[in-house]
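One letter stands for each residue in the lines below.
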Amino acid sequence: MPISVMRPIQAVIHQAALQHNLAVIKTCAPASRVMAVVKANGYGHGLLRAAAGLGSADGFAVLGLQEAIQLRESGYQQQLLLLEGVFHEAELHAAAAGNISMVVHNEEQLGMLEQAHLPTPVAVFVKLNSGMNRLGFHPERYVGAVERLAHCPNVAGITLMTHFARADEATGIDRPLSVFRRAAQGLNYPVSLANSAAILRYPETHTDWIRPGIALYGATPIANVPARQFGLHPAMTLQSEIIAVQELVAGDSVGYGGQFTAAAAMRVGTVACGYADGYPRHAPTGTPIAVDGRLTRTLGRVSMDMLAVDLTALDGATVGSRVELWGELVPVDAVAASAGTLGYELLCAVAPRVPVKVKV
Ligand SMILES: *Cc1c(COP(=O)(O)O)cnc(C)c1O
């Protein structure tokens with residue numbers, strides 16, 4: 001066994017949770033086909049591990065051609081979508097050969113498709129910029145772009161698409177949705193609009209294809225609404241162990257910078273997990289964490305390879321006690337909220353050095 005595997009930290013990927021969350025999404029939008037978003041290494045769960053748990057999705061959306069090819073070569077027959085389309089003409093041929101669909105979001109990609117001589121035509125998702133101003137055709141140029149693609153012999157099928165900038169906020173989707181409806185007026189093609197937040201909040205966005213990401217992994221797309229309120233289960237547990245215990249007296253402090261000082265005698269556990277494992281360095285004292293199945297708090301600054309937890313009230317917790325950094329007891333969203341970020345970022349940031357175990 002490689003030495004690195006002996007460090008007690010581990011990410012456990014729960015296949016049953018992925019399946020369950022996909023079922024929740026399908027129940028929420030029963031008439032839509034599901035394009036499961038597995039970009040960013042399956043939101044940190046591993047591309048193939050995520051795809052395995054989400055195997056009954058109707059399609060998979062990825063960022064790059066490499067990921068799409070990996071899914072094809074692993075036997076996935078579903079529709080595969082490149083969320084930013086292709087970056088170079090050479091990729092067009094590989095995409096066509098692999099029967100891989102692509103977003104077309106700008107004039108350059110449109111021109112590339114018109115000029116290429118592809119062995120087989122490709123399916124495209126034509127993206128409208130409905131106000132996010134990241135990717136997509138301007139509403140006034142949208143119909144023109146779609147019509148050019150409709151006449152392009154390299155194009156096999158067209159889906160109309162946009163992405164919401166604020167589906168997770170009070171602002172909602174009314175404005176971008178009306179921008180989309182106006183821009184797409186008179187176009188008769190399948191439509192794909194909704195990310196996780198829109199799926200869970202706005203049934204009017206449940207069109208031909210939905211594009212859930214974060215909800216499939218059991219984290220919330222909406223700040224302040226816990227994932228469990230949507231019936232979602234965490235697909236990842238990040239766990240480790242206590243590797244040392246320190247007895248403190250009043251006035252002792254903990255970690256770099258002595259950011260936490262004990263007001264009274266206390267017991268402090270050192271956990272084998274640090275920011276080099278992907279745990280957020282900005283998580284302050286008080287960030288939730290569980291030891292032996294009991295909730296407690298972190299203390300002081302997170303180090304590269306370790307962090308400190310309060311064991312004062314946890315009788316029996318000692319070296320070897322199991323620590324849950326996030327998972328069933330400690331929602332990743334709660335850690336993220338404490339650290340001023342999102343569950344998305346923490347899941348994606350789990351470091352390659354963390355050993356992964358799949359639980360079926
Ligand atoms: C990432 C992404 C999604 C999924 O978003 P979630 O908020 O994770 O559900 C959907 N559509 C596009 C275009 C994306 O880039």
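Since we're looking at a predicted model, the values are computed, not measured.

Draft legend 1. Seen up close, the pattern of salt bridges. A complete count under the given rule lists 8 salt bridges for this structure. Two residues, Arg 267 and Glu 247, come together in a salt bridge whose shortest N-O distance is 3.7 Å. Of this pair, Arg 267 sits in strand E13 (residues 266-271) while Glu 247 sits in strand E10 (residues 236-248), and the two are 20 residues apart along the sequence. We classify Glu 247 as exposed; its relative accessible area is 59%. Among the salt bridges present, the one from Asp 310 reaches Arg 297, with a minimum N-O distance of 3.0 Å. One end of the pair, Asp 310, is in strand E16 (residues 307-310); the other, Arg 297, is in strand E15 (residues 294-299), with 13 residues separating them in the sequence. Residue classification places Asp 310 among the buried positions, given a relative accessible area of 10%.

Draft legend 2. Summary view of helix H8 (residues 174-183). Burial in H8 covers these residues: Pro 176, Leu 177, Val 179, Phe 180 and Ala 183. Along the axis of H8, the buried residues cluster in a sector spanning 160 degrees; they form a single face. Looking at H8, the residues exposed on the side facing more than 90 degrees away from the buried face are Asp 174, Arg 175, Arg 181 and Arg 182. Buried residues in H8 make contact with strand E6 (122-128), helix H7 (139-150), strand E7 (155-162) and strand E8 (191-192).

Draft legend 3. Examining the packing of aromatic side chains more closely. Under the definition given, this model contains 5 aromatic pairs. The interplanar angle of 15 degrees and the centroid separation of 6.2 Å between the aromatic rings of Tyr 279 and Trp 326 together place this pair among those described as stacked. In this pair, Tyr 279 sits in the loop between E13 and strand E14 (288-291) while Trp 326 sits in strand E17 (residues 322-326), placing the two residues 47 residues apart along the sequence. The pair formed by Tyr 279 and Trp 326 is uniform in burial state, with each residue classed as buried. Cluster of aromatic residues (ring-pair linked, three or more members): Tyr 43, Tyr 217 and Tyr 344.

Rules behind the numbers
- Residues numbered from 1 in each chain as written.
- Predicted model: local features only at pLDDT ≥ 70, side-chain atom pairs only at ≥ 80, totals over all residues.
- Heavy atoms only, no water.
- Salt bridge = Lys/Arg side-chain N within 4 Å of Asp/Glu carboxyl O.
- Helix = DSSP H or I, 4+ residues; strand = E, 2+ residues; numbered from the N terminus.
- Buried < 20%, exposed > 50% of the residue type's maximum accessible area, 1.4 Å probe, protein only.
- Arc of directions from axis to C-beta.
- Contact = heavy atoms within 4.5 Å.
- Phe/Tyr/Trp six-rings, centres within 6.5 Å; stacked < 30°, edge-to-face > 60°.

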